[in-house]
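The lines below spell out each chain.
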Amino acid sequence: MGMNRSIAAVLLLTLGILVCEGGNPCCSQPCQNRGVCTAMGADDYECDCTRTGYYGQNCTTPEFFTWIKITLKPTPNTVHYLLTHFKGLWNIINNISFLRDAIMKYVLTSRSHLIDSPPTYNADYHYKSWESYSNLSYYTRTLPPVPKDCPTPMGVVGKKELPDATLLAEKLLQRRAFIPDPQGSSLMFAFFAQHFTHQFFKSDMKKGPAFTKAQGHGVDLSHIYGDTLERQHKLRLMKDGKMRYQVVDGEVYPPLVSEVGVEMHYPPHIAQSDRFAVGHEAFGLVPGLMMYATIWLREHNRVCDVMKEIHPDWDDDRLFQTARLILIGETIKIVIEDYVQHLSGYNFKLKFDPELLFKQQFQYQNRISSEFNTLYHWHPLMPDSFLIEDQEYNYKQFVFNTSVVTEHGINHLVDSFTKQVSGRVAGGRNVPGAVMYVAIKSIENSRKMRYQSLNAYRKRFSMKPYSSFEDITGEKEMAGLLEEMYGHVDAVELYPGLLVEKPRDNAIFGETMVEMGAPYSLKGLMGNPICSPEYWKPSTFGGSVGYDIVNTASLQRLVCNNVKGPCPVASFQVPDVKETGSFTINSSTAQAVGREVNPTVILKERSTEL
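The rules behind the values
- Residues numbered from 1 in each chain as written.
- Predicted model: local features only at pLDDT ≥ 70, side-chain atom pairs only at ≥ 80, totals over all residues.
- Heavy atoms only, no water.
- Helix = DSSP H or I, 4+ residues; strand = E, 2+ residues; numbered from the N terminus.
- Rg over C-alpha atoms; globule rule 2.2 N^0.38 Å.
- Contact = heavy atoms within 4.5 Å.
- 1 Å grid on protein atoms, 1.4 Å probe; cavity = no way out; pocket = protein on both sides within 12 Å on 5 of 7 lines; lining within 4 Å.
- Points joined across faces, edges and corners; volume = space filled by probe spheres on them.
- Nonpolar A, V, L, I, M, F, W, Y, C, P; charged D, E, K, R; others polar.
- pLDDT = per-residue confidence, 0-100.
- Buried < 20%, exposed > 50% of the residue type's maximum accessible area, 1.4 Å probe, protein only.
- Pairing = 2+ DSSP bridges.
- Disulfide = S-S within 2.5 Å.
- Expected span 1.5 Å × (residues − 1).
- Polar contact = N/O pair within 3.5 Å; in protein donor to acceptor, adjacent residues only side chain to side chain.
- Salt bridge = Lys/Arg side-chain N within 4 Å of Asp/Glu carboxyl O.
- Core = buried A, V, L, I, M, F, W, Y, C linked by side-chain atoms within 4.5 Å.
- Patch = residues over 30% accessible without salt bridge, like charges linked within 9 Å, V, L, I, M, F, W, Y side chains within 5 Å.
- Areas by Shrake-Rupley, 256 points an atom, 1.4 Å probe, with all protein chains shown as cover.
- Phe/Tyr/Trp six-rings, centres within 6.5 Å; stacked < 30°, edge-to-face > 60°.
- Lys NZ or Arg CZ within 6 Å of the ring centre and 35° of its normal.

What follows is about the overall build of the chain. On a plain count of helices and strands, the chain comes out with 27 helices and 8 strands. Computed over the C-alpha atoms, the radius of gyration of the chain is 25 Å, within 12% of the 25 Å expected from 2.2 N^0.38 for a compact globule of 610 residues. For the chain, the C-alpha atoms occupy an extent of roughly 90 × 50 × 50 Å along the three principal directions. Restricting to contacts in the chain with at least 6 residues of sequence separation, those with at least 24 account for 69%.

Pasting the structure below:
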């Protein structure tokens, strides 16, 4: 009898459906293909296969149309290869409107439908509940947490204890030598990623990593305007819709904390004259964040001037509210057509057009998941030091040094950050020593939230699970360390797995990071209220002029509209000097982004304070 039970257990483990004797039978994650497991006592379970396209005890038998779909559907790596090669063909497709629209619609729907809406779980509720739906102080969860009563931290496989977080980070994540991103991502990209995402990634560490302090769960520009009405009002000028500012050497910068009275996180030694006040209390941390905060401040006030000229009868609040909607639109346009476009490496030209989804089943709401927050810890992007004009700053000189922004000016910061390459995120061993504590904390927080394994998330996002440690890393040495630490490939944790995963050819990320990150990103962007049929119309943005500001937005235009003198190249990719001849835009290039590089014209186009 005992022998038969042992044989049965081995068979069930091989199938990935081991039922824990005397424990929770759902620990083995027996329900496949997004089936939902419900324990029926200690010895049995039930899989709910409703609308999964599969049936059977463990939701493993495909329905007929599901079978056709999975038979014909190419792998994510095949799709990636097709989109990143055959440039000539994609140039033709990009210029045929109906083809480009059809492909973009497929990209949006196929990615967005991978994200549950409304939300389902959170760190404290591994089952559907009104609390997990309605309590906005939680991050939502894509996969429920591993049950607390499982034999191992990852369910039923792997070791009884996870490896020491510090040792794991030091052996597999810490940088030995800087590894540049083969896609040539610039520091403009790295700081944009940090600045943009921190409007909705604001973990409340007083409550714990499962909670967020962000009032919104998407692109609301709270990092510009503040996440409370009280903070917003302190940052506003209360005249002509504008934000408060100061003028330094003839240029607009954020106001001082001492002038507006909002809380900002600065160490005691920072002079009062260097304590800038912006929407996000932590953006004094590095000059790259304050650079973007300054650019968006200038853009808001510039848009207010444009709106006031068109609508001289509008009061302060309507000018402010309309300018905010315009800037939200500009942000989403830039993120999709510049930021995500660069990240993807696609030859297909992505398009921001909310109307593509108007006839689709789509919910205009979003909840930020804790997994999205965790995977976005891209600290390998950071270099070993920061090069601005002819100066080199180490981390100690760079952190909390807002004087860098005013001393060099926005022009030179943009120019310098565009020229400096970021680090590669995937492939392991590229987290700078100065921020290793963040990587260690990310591992520890992931464990507090009991994330399921890397392979569990690969299956959830329609990827084939890795079959071996070497399959994850693409090499032997780190694979051996992973095996030593975890014991089983299905026990590798999500965050370390994402950072040690082998990168795609000549790419910044591995497969899992892209296939997980893209759905979260596109659902969050297109689920914004301004993309809904009720909002997406010229009147929302103050008329055709405001609508046009949104529809013509780009990173380059954003910078050119908000700096004095010749406009520097602003790019998420380090330019090739051999191709451009210079890092300063010439007249023909400026016309391509809608600007003539002429100081007289520039001053007329911009707000008078600039």
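Following the structure, the description resumes.
The computed volume of the second largest pocket comes to approximately 1,400 Å³. Lining the second largest pocket we find 44 residues, and of these Gln194, His198, Leu285, His379 and Val438 sit closest to its centre. Put simply, the parts of the chain that give the lining of the second largest pocket at least two residues each are α8 (187–197), α14 (370–375), α15 (395–398) and α17 (436–448). Its residues placed into classes, the lining of the second largest pocket shows 27 nonpolar, 13 polar and 4 charged.

Bringing the confidence of the model for the chain into the picture now. Predicted confidence across the chain gives a mean pLDDT of 92, with 91% of residues reaching 70 or more. In this model, residues 1–21 is a region of pLDDT below 50 whose contacts with residues beyond four sequence positions or in other chains number 26 contacts. Confidence drops under a pLDDT of 50 for residues 577–610, and excluding neighbours within four residues, the segment shows 63 contacts in the predicted structure.

For the rest of this paragraph, the subject is the pairing of strand β2 (residues 45–48). Of the two faces of β2, only the one carrying Tyr45 and Cys47 is buried; Glu46 and Asp48 on the other face are not. Of the strand pairs in this sheet, strand β1 (residues 36–39) and β2 are connected by 4 bridges, and their pairing is antiparallel. Each bridged residue has a counterpart across the sheet, and for alanine 39 the counterpart in β2 is tyrosine 45. The antiparallel pairing of β1 with β2 creates a hairpin that spans 5 residues between the two strands, and glycine 41 there sits at a positive phi of about 85°.

All right, on to the state of the cysteines then. Under the criterion given, the structure shown has 5 disulfides. Disulfide pairing is shown between cysteine 27 and cysteine 150; the S-S distance is 1.9 Å. Given an S-S torsion of about -95°, the disulfide between cysteine 27 and cysteine 150 has left-handed geometry. Taken together, the residues cysteine 27 in the loop between α1 (2–14) and β1 and cysteine 150 in the loop between α6 (130–134) and α7 (165–172) connect sequence positions 123 residues apart. Cysteine 150 matches cysteine 27 in its accessibility class, with the two residues each being buried.

Looking now at helix α5 (residues 97–112). Owing to its 3.6 residues per turn, the α-helix brings residues three or four apart onto one side. With 16 residues, α5 should reach 22 Å at 1.5 Å per residue; the first-to-last C-alpha distance of 22 Å fits that figure. Among all positions of α5, only Arg100, Asp101, Met104, Val107, Leu108, Thr109, Arg111 and Ser112 are buried. Where the residues of α5 are buried, they touch α4 (87–94), α13 (316–344) and α22 (511–526).

Time to look at the environment of glutamine 341. By secondary structure assignment, the location of glutamine 341 is in helix α13. Given a relative accessible area of 15%, glutamine 341 falls into the buried group. C-alpha separation for the pair glutamine 341 and lysine 351, spaced 10 residues apart in sequence, amounts to 9.1 Å. Residue contacts for glutamine 341: discarding those within four places in its chain leaves Ile336, Tyr346, Phe348, Lys349 and Leu350. Within polar-contact distance, the side chain of glutamine 341 engages the backbone oxygen of phenylalanine 348 at 3.0 Å.

Before going further, it helps to spend a moment on the environment of glycine 261. When you line up the elements, glycine 261 lands in the loop between α11 (257–260) and α12 (287–310). Considered as a pair, glycine 261 and glycine 433 are 172 residues apart in the sequence and their alpha carbons are 35 Å apart.

Next up on the list: the pattern of salt bridges. Counted by the stated rule, this structure contains 27 salt bridges. Lysine 202 is the salt-bridge partner of aspartate 227, the closest N and O atoms lying 2.8 Å from each other. Of the two residues, aspartate 227 sits in the loop between α9 (222–225) and α10 (229–235) while lysine 202 sits in the loop between α8 and α9, which places them 25 residues apart along the sequence. The structure contains a network of salt bridges with shared partners spanning Lys202, Lys213, Asp227 and Glu281.

As a further point, take empty space enclosed by the protein. Rolled over the atoms, a probe as big as a water molecule pinpoints where empty space is left. On inspection of all chains with the given rule, the structure shows 8 cavities of 30 Å³ or more. Approximately 280 Å³ is the volume found for the largest cavity. Residue lining of the largest cavity: 19 residues in total, with Val340, Leu343, Val514, Gly517 and Ala518 positioned closest to the centre. Sorting the residues of the lining of the largest cavity by element identifies α5, α13, α14 and α22 as the ones contributing at least two each. At 6 residues, α22 tops the list of elements feeding residues into the lining of the largest cavity. Split into classes, the residues belonging to the lining of the largest cavity amount to 15 nonpolar, 3 polar and 1 charged. Size it by volume and the second largest cavity reaches roughly 140 Å³. Taken together, 16 residues make up the lining of the second largest cavity; nearest its centre are Ile115, Asp116, Pro119, Thr140 and Arg367. When the residues that make up the lining of the second largest cavity are grouped by side-chain class, the tally is 4 nonpolar, 7 polar and 5 charged.

In this structure, Leu173, Tyr339 and Trp378 are the most contacted members of the largest nonpolar core, which totals 163 residues. Looking at this core, the element that brings in the most residues is α13, giving 13 residues. Excluding residues within four positions of it along the chain, tryptophan 378 makes contact with Phe189, Ala193, Tyr339, Leu343, Val425, Phe509 and Met513. With 7 residues, the next largest nonpolar core counts Cys26, Cys31, Tyr54 and Cys59 among its residues.

The next subject is a nonpolar patch on the surface. A surface patch of nonpolar side chains, amounting to about 520 Å² of accessible area, comprises Phe64, Phe65, Trp67 and Ile70. Topologically, phenylalanine 64 is positioned in helix α2 (residues 64–72). Of the residues examined, phenylalanine 64 reaches a relative accessible area of 57% and is grouped as exposed.

As a further point, take the packing of aromatic side chains. Counting across every chain of the model gives 40 aromatic pairs. Between the aromatic rings of tryptophan 130 and tyrosine 133, the centroid separation amounts to 4.8 Å while the plane-to-plane angle is 55°, which identifies the pairing as tilted. Of the two residues, tryptophan 130 and tyrosine 133 both sit in helix α6, 3 residues apart, roughly one turn of that helix. Using a relative accessible area of 33% as the deciding quantity, one classes tyrosine 133 as partly exposed. Between the NZ or CZ atom of arginine 236 and the centre of the ring of phenylalanine 320, over which it lies, the distance is 4.0 Å. Positioned over the ring face of phenylalanine 461 is arginine 460, at 5.2 Å from the centre of the ring.

This paragraph deals with α17. With 13 residues, α17 extends 19 Å between its outermost C-alpha atoms, agreeing within 8% with the 18 Å of an ideal straight helix rising 1.5 Å per residue. When α17 is considered as a whole, its buried residues turn out to be Met436, Val438, Ala439, Ile440, Ser442, Ile443, Asn445 and Ser446. Each element contacted by the buried residues of α17 is listed here: α7, α14 and α21 (494–500). Immediately beyond the C-terminal end of α17, within one or two residues, lies arginine 450, with a positive phi of roughly 55°.

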